[in-house]
Amino acid sequence: MDAPHSRGSTGKIRDGLNPVEYLWRDHYYFLKEHGYTLRPRYHPEWIPSWLGTDKCFTECEDGHMISSSGQVLDASRADGTVVALKRIDISLGNDEITIGKYFSSGPLASDPRNHCVPILDIIEPKEGSNIAFIAMPLLINTRSYVPFTTIGEVVEFFRQIIEASHSFIPIVELILISDSKCDNIMGDGLILFDSPPHPSQRIMKRDFSGRAPKPTTRTLRPIKYYFIDFDLSHKYREEDAPYLKDAPWGGDWTVPEHQGPNFTPCEPFAVDVYCLGNGFKNIIVPHRGFEFMRELVMDMMNADPKKRPTMSEVVSRFGIIMKNLSWLKLRSPVVRIDARWTRQDSIQHWKTQVYNMISGVPAIPKYQEQVSGREVQWLRWRELFACLGKQVSKMVHWIPMIPRSVDIK
């Protein structure tokens, strides 16, 4: 890899790019012809903006590279919309484009239960190349950049993902995601920011004109979650039963059917249930207050695939779990087991929850796609009321008399 040019460097420039970025540079003009403009860093004639200045490359927008895999890069359309472009090697023969088109067209495209990231555009390979590109909405890993603040927010995350996994099984055809771990789930979290952050440096605004604003909570601005990766996905027909697939596959190396020196074909939908359960486990185990999910998650991760619940059973059991959760539990904070949670933290959290309750903000966020236009307008007003309430509290120094802590274990 070419080392980033240092502060004030005036030495000979090769290109300053990571090898995984070369493909994007080489397709700059090709993608521009199709209406997508990459960042200045990927222009074939790019010269680092910090050269000849006292700036360090980390202070400049074009000093930040894409992820180590180099599979996805943001781009701007002619109308100013920022999208994500993913490169796909069609010579590998996977069904990613086929599966993506399946969920992005027809009745499924408007089905609110559809949580597969939609394909906005498909760019066929240029002459002599096997690399195609798909354009998708620009999503973010909301679990990393915007932490959950209440148990109700996590419950809504679980609900959407369980709903999505169950709806992958239409009446005529069966869709196997094959890698449904939580790493492959992202959200339309840009709505949490008043000004969009830079895709590679989230603490900065996209144009590097300053620090990105602090995101609001998903309680005030509910978001939708999407499965993003279908390169291991398959589409089956009912007549293809029994559905068996040669192991191993996917990114979850703990799947019981994938252990041992000798692999035998296994039931892939049971593997999906395990991977989903393991993803949920990685969220609930490090945090307090999720005892209500433990039994279901452990059953989903049963070492015997025949003893795991089907996704239909998971949906049913989770629905019962949700009905039995109190408002106090749902509005309780998400706190790591090893975190120090102070009295002041508790006071601030419950002050916010009181304002939300007064404003009519539900404990379980309701994604706006599921509400009417009038309800959307009311949600925005409630967000305003909640913010005003906080300001009034600061002015009069009002602190509600609440317990030192709430038992969320």
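Residues numbered from 1 in each chain as written. Predicted model: local features only at pLDDT ≥ 70, side-chain atom pairs only at ≥ 80, totals over all residues. Heavy atoms only, no water.

J.: What's the story with the sheet that holds strand β4 (residues 121-123) in this structure? I'm lost.
T.: Within a beta sheet, neighbouring strands are joined by backbone hydrogen bonds and run either parallel or antiparallel to one another. A sheet is described by the order of its strands in space; here five strands give the open sequence β1-β2-β3-β5-β4, paired in antiparallel fashion. Strands with a single pairing partner mark the edges of an open sheet, and in this sheet they are β1 (36-37) and β4. Inspection of the sheet shows β4 paired to strand β5 (residues 131-137) by three bridges, in the antiparallel sense. Looking at β5, one finds that I123 is bridged to F133. Packed on one face of the sheet, helix α3 (residues 96-103) meets β3 (82-89), β4 and β5 and runs near 140° to β3. (Pairing = 2+ DSSP bridges. Helix = DSSP H or I, 4+ residues; strand = E, 2+ residues; numbered from the N terminus. Contact = heavy atoms within 4.5 Å. Axes fitted to C-alpha atoms, helices over the stretch in contact; angles between N-to-C directions.)

J.: How do you make sense of helix α11 (residues 343-358) when you look at a structure like this?
T.: Quick reminder: α-helices carry 3.6 residues per turn. Residues three or four places apart thus point the same way. In a regular helix each residue adds 1.5 Å, so 16 residues correspond to 22 Å; α11 covers 23 Å between its end C-alpha atoms and thus fits that length. Burial in α11 covers these residues: S346, I347, H349, W350, K351, T352, Q353, Y355 and N356. A positive backbone phi angle near 80° is found at G360, which sits one or two residues after α11. (Expected span 1.5 Å × (residues − 1). Buried < 20%, exposed > 50% of the residue type's maximum accessible area, 1.4 Å probe, protein only.)

J.: It is not clear to me how the side chain of E61 should be interpreted in this structure. Could you clarify?
T.: With respect to the helices, strands and loops of the structure, E61 is situated in the loop between β1 and β2 (72-77). Within the structure, E61 has its side chain in polar contact with the side chain of H198 (distance 2.8 Å). (Polar contact = N/O pair within 3.5 Å; in protein donor to acceptor, adjacent residues only side chain to side chain.)

J.: For this particular structure, what's the right way to read α3?
T.: With respect to burial, α3 is a largely interior element, six of its eight residues being buried. The complete set of buried residues in α3 reads E96, I97, I99, G100, Y102 and F103.

Bear in mind that shape data such as this cannot, by itself, settle questions of function.
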